[in-house]
Amino acid sequence: MNEAEQQMAVPDQPDPVAQLPVHRLDFHFHGQGGEYFRIWIVNLALSIITLSIYSAWAKVRALRYFYGNTELAGSRFDFHGRPTAILIGRLVMLTFVVAYVALSNVAPLAALGLMLVLVLASPWLVWRSMKFRLGNTSYRNIRLGFTGSLGGAYKYLLLTPLLTIVSFGLAFPFVQQRMARYLISNVRYGDARLSTQVSVGEFYIVYLAMLGVLMGGGMVTGIVVALGGAAVVASIHTGLPAGRELLPALFVAGAIVYLLVLAAYFLVARVGMSMLQQMIWNKADLAGHRFESRIRVWPAVRFHLVNIGLLIATLGLAWAWVKVRGARFRLENLSLHASGGLTGISAVAAAPGGAVGEEMAEMFDFDFAL
Amino acid sequence: MLGALYYDGLHADAQPVELTRTDALLQMRIGDETRSWPLASLVIRPAVGMIPCRVELPDGGLLEIADVEQARAFFHQPRSWVERLEAHWRFALLSVLTTVAALAAAYVWGLPWAADRASVLVPQAWEQKLGSETLSALDEHWFTASSLPAARQQALRDQFARRLALPANCCQLLFRRGGAIGANALALPGGTLLVTDELVALARDDEEILAVLAHETGHIQGRHSVRMLLRASGVGVSIALLTGDVGTLGSVLTSAPAMLMQLSYSREFEEEADAAALRSLVAAGIAPCRFSDILNRMTAKKSATQSIPRWLTTHPDTARRTKAFGAACPAAPMVKL
């Protein structure tokens, strides 16, 4: 690795570590599908038996399994969140959902008000969730942390997203890039700051590619469906007896096409997200140590296709294998080019937040896939 | 002796150390130095699968021992109950069975129970609104105005109110030309009953119409439409909650089962309405066999004219349903009311 490349990663402030020899440190994932399946299913059953009270403990065990099997330079990550903090978060979340469901049946206007409160609170929830999740993550006995300001959360998670509406969606990739940059660039490992220089242009390229694939696929599907429909309509009109008997088969064919379209949409979205992650990590650095992600489009397509196939074929039981495959796929393709090793990073005091935000955020499906 | 990595909690450096122990003390050799702590002052973090064993030291340091089995033996640390459950495939299999059984029980008993409790909370006004919206949708797509004379309609309404002894605000009887729907009667949320001209024509006499109306009134008094809606949305909500993990794929799979489950729910409600019909026919002094008669004729007519796919029909098969109402009525002509 040469000096020029180091300078590119940190253009404005030559770091002292840039002068040291660079080691490529690979991330590894040691989890096994069968082992995690037993952990997952036993904890799921325990959660059901305890009317989901145990699910908070189950969640901590799952997180500790994934963090504890994530290796960088011979050391593993760990998660320290207290199950009781998560339990309280889940209870708050449950109250919210029950209130919303009850109100939307009885007083839709009040339910709408509740939704508005939730929208206004969502940046705070994400902020709390980031603080909880990262503040409770450790590597080499040093905590990670999230130091983003609450104002920043409102700016990048609520205010700039309004641009998406104003611009009829054109600003969406820009909004996503700002969001990702806010969430990543406020992550700390001890006193080292993580940041990413991922550009707006890269986000536009990925989203345009996704749009292109979806539109192309949509056109092909549309033509096939139209031709099939026209053929059936024609055979009914010409009085062929086959036309009427074809109707049930047509229902089935329609359902299959519908499911295939959904699966394709899901696949494109997942592959797109993988590529965005790859770009974010390729432009990321931790106090001058550069990251490298080697995820490529076709391996990502194959990876997500196999996942969808596994889940459908096993009626969801393969969930544990899919999770383990996912962690392995992301981590085995990730490296840290550390100048002079990780020496020089030291701890800072940080207080982890509560779990309410994290639970609410997960329930309402904000997935940052950090 | 046990190898470990030591982290002081101040710097991101890993230092290889060697651990030995006595009955009460843990000793750590780091370089030329030896440090020791009472075993009672250590916190051994719970194991999950084969992740390394972590030992928290009283001074804020941390030991990471790669082989969790060796660490267990070294510290005489037994597996916790949950670790033991997670270690064996037989418990995994038991958990799969437990999960499937719990899901099935929640669907068969839990969901209808919860939906019925919740249906009490639905206000009458909301039900009325739902009914009138359904009616205008039906009028738009299926029905046309009835060609029954107003006097005939009123006569049927009077008999309906008088003979079935309904509560004052129970039900409103409306007439429509059925068209593609044919001879049929429908109960809408909020208490509106729809009877098609075709049904009036199909009936041998008014008691047969009353028999069908007794059944539809059963739907209304059981608030079946609201309960069905709540059950259906309950399925959706529960699946969303259960699959909260699965995320995007979950939402894809949510809607289809909800629709399919509807079918067996409706059947249960049909049986409930049949039971209500039987009770009110007996109370009104109308022979229950009148219901069997008209139902058989409706079914015969339907299967002759329409070819609705079998999976779209929700009514329990006629032979089984009419059993409780007795066989066909004696052939003797009935007095026209």
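The structure this text deals with has already been given above.
In this report, the structure presented in the accompanying data block is examined.

Conventions we followed
- Residue indices begin from 1 for each chain and proceed along its sequence in written order.
- Working convention: letters from A go to chains and numbers from 1 go to ligands, in the order in which they are written.
- The model is predicted, so local features are restricted to residues of pLDDT at least 70 and side-chain atom pairs to those at 80 or more, both for listing and for counting; the totals for chains, interfaces and linings are taken over all residues.
- To get the side-chain values, all heavy atoms of the structure are used, and hydrogens and water are removed first.
- In what follows, salt bridge is the name for a side-chain nitrogen of Lys or Arg lying within 4 Å of a carboxyl oxygen of Asp or Glu.
- Secondary structure is summarised from DSSP: a helix means a run of H or I of at least four residues, a strand means a run of E of at least two, and numbering begins at the N terminus for each.
- Any two strands between which DSSP finds at least two bridges are classified as paired.
- Contacts are assigned to residue pairs with any non-hydrogen atoms lying within 4.5 Å of each other.
- Axis definition: a line fit to C-alpha positions, over the contact stretch in the case of helices; interaxial angles, taken between N-to-C directions, run 0 to 180 degrees.
- Distance and chemistry together define a polar contact, namely a pair of N or O atoms within 3.5 Å, with one atom able to donate a hydrogen and the other to accept it when in protein, and with adjacent residues in sequence counting only for side-chain atoms on both sides.
- Grouping into patches uses exposed residues only, defined as over 30% relative accessible area, and leaves out salt-bridged ones; the cut-off is 9 Å for like charges and 5 Å for nonpolar side chains (Val, Leu, Ile, Met, Phe, Trp, Tyr).
- Shrake-Rupley sampling with a 1.4 Å probe provides the accessible areas, and residues are treated as covered by the protein chains on show and by no other component.
- Accessible-area loss on putting two parts together, using a 1.4 Å probe and summing over both, is the definition of buried area adopted here.
- The buried label goes to any residue with under 20% of its type's maximum accessible area, the exposed label to any with over 50%, and the partly exposed label to all in between, with areas taken from a 1.4 Å probe on protein chains only.
- Positive charges come from Lys and Arg, negative ones from Asp and Glu, while His and the chain ends are left out of the count.
- We call a set of buried residues a nonpolar core when its members are Ala, Val, Leu, Ile, Met, Phe, Trp, Tyr or Cys and they connect through side-chain atoms within 4.5 Å of each other.

1. A short note on the pattern of salt bridges
Reasoning step 1: Here the structure, examined in full by the defined rule, presents 21 salt bridges over all chains.
Reasoning step 2: Across the pair D78(A) and R54(B) runs a salt bridge whose closest N-O atoms are separated by 3.5 Å. In this pair, D78(A) is assigned in strand β3 (residues 75-79) and R54(B) in strand β6 (residues 53-56), connecting two distinct chains.
Reasoning step 3: The residue R227(B) makes a salt bridge to E272(B) at a minimum N-O spacing of 3.4 Å. Of the two residues, R227(B) sits in helix α8 (residues 224-242) while E272(B) sits in helix α9 (residues 248-284), which places them 45 residues apart along the sequence.

2. Quick word on the sheet that holds strand β11 (residues 192-196) of chain B
All names here are of chain B.
Reasoning step 1: Read from one edge of the open sheet, four strands run β8-β9-β11-β10, paired in mixed fashion. Of all strands in the sheet, those bounded by a partner on one side alone are β8 (144-145) and β10 (185-188).
Reasoning step 2: Where β8 and strand β9 (residues 172-177) come together, two bridges link them in antiparallel fashion. Opposite T144, over in β9, you have R177 as the bridge partner.
Reasoning step 3: Sheet strands touched by helix α4 (residues 124-141): β9, β10 and β11. Its angle to β10, the strand with the most contacts, is close to 145 degrees.
Reasoning step 4: Relative to the sheet, helix α7 (residues 206-221) contacts β9, β10 and β11, its axis offset from that of β10 by approximately 20 degrees.

3. Focus: the side chain of T196(B)
All names here are of chain B.
Reasoning step 1: Counting through the fold element by element, T196 comes out in strand β11.
Reasoning step 2: At 2.9 Å, the side chain of T196 forms a polar contact with the backbone oxygen of G182.
Reasoning step 3: When neighbours within four sequence positions are excluded, T196 is seen to be in contact with F143, R176, G178, G182, A183 and N184.

4. Looking at a nonpolar patch on the surface
All names here are of chain A.
Reasoning step 1: Together, L159, L162, I165 and V166 make up a nonpolar patch on the protein surface, roughly 430 Å² of accessible area in all.
Reasoning step 2: At three residues, helix α7 (residues 161-166) tops the list of elements feeding residues into the nonpolar patch.
Reasoning step 3: Its place among the elements puts L159 in helix α6 (residues 150-159).

5. Re the interface of chain A and chain B
Reasoning step 1: Across the contact, 47 residues belong to chain A and 51 residues belong to chain B.
Reasoning step 2: Between chain A and chain B, a total of about 4300 Å² is buried, with carbon and sulfur atoms accounting for 64% of that surface.
Reasoning step 3: Applying the counting criterion to the chain A and chain B interface returns three salt bridges.
Reasoning step 4: For the pair chain A and chain B, the number of links is 17 residue pairs in polar contact (both at pLDDT 80 or more).

6. Describing the side chain of R38(A)
Reasoning step 1: Mapping R38(A) onto the fold places it in helix α2 (residues 33-49).
Reasoning step 2: For the buried R38(A), no salt bridge is present, and the opposite-charge side chain at shortest range is E35(A), 5.3 Å distant.
Reasoning step 3: Dropping the residues within four chain positions of it, R38(A) is found in contact with E86(B), A87(B), H88(B), W89(B) and A92(B).

7. Focus on the nonpolar core
Reasoning step 1: Judged by nonpolar contacts, the single largest core of 83 residues is most densely connected at F27(A), Y36(A), F66(A), F146(A), F291(A) and L336(A).
Reasoning step 2: Among all residues touching F66(A), those that are not within four sequence positions of it are F29(A), Y36(A), K323(A), V324(A) and A327(A).
Reasoning step 3: One finds L164(B), A185(B), L199(B) and M298(B) within the second-largest nonpolar core, a separate group that totals 32 residues.

8. Quick word on the pairing of β10(B)
Reasoning step 1: Here four bridges tie β10(B) to β11(B), and the two strands are oriented antiparallel to one another. Bridge pairing links A187(B) to L193(B) in β11(B).

Limitation: the analysis is restricted to geometry and does not speak to function.
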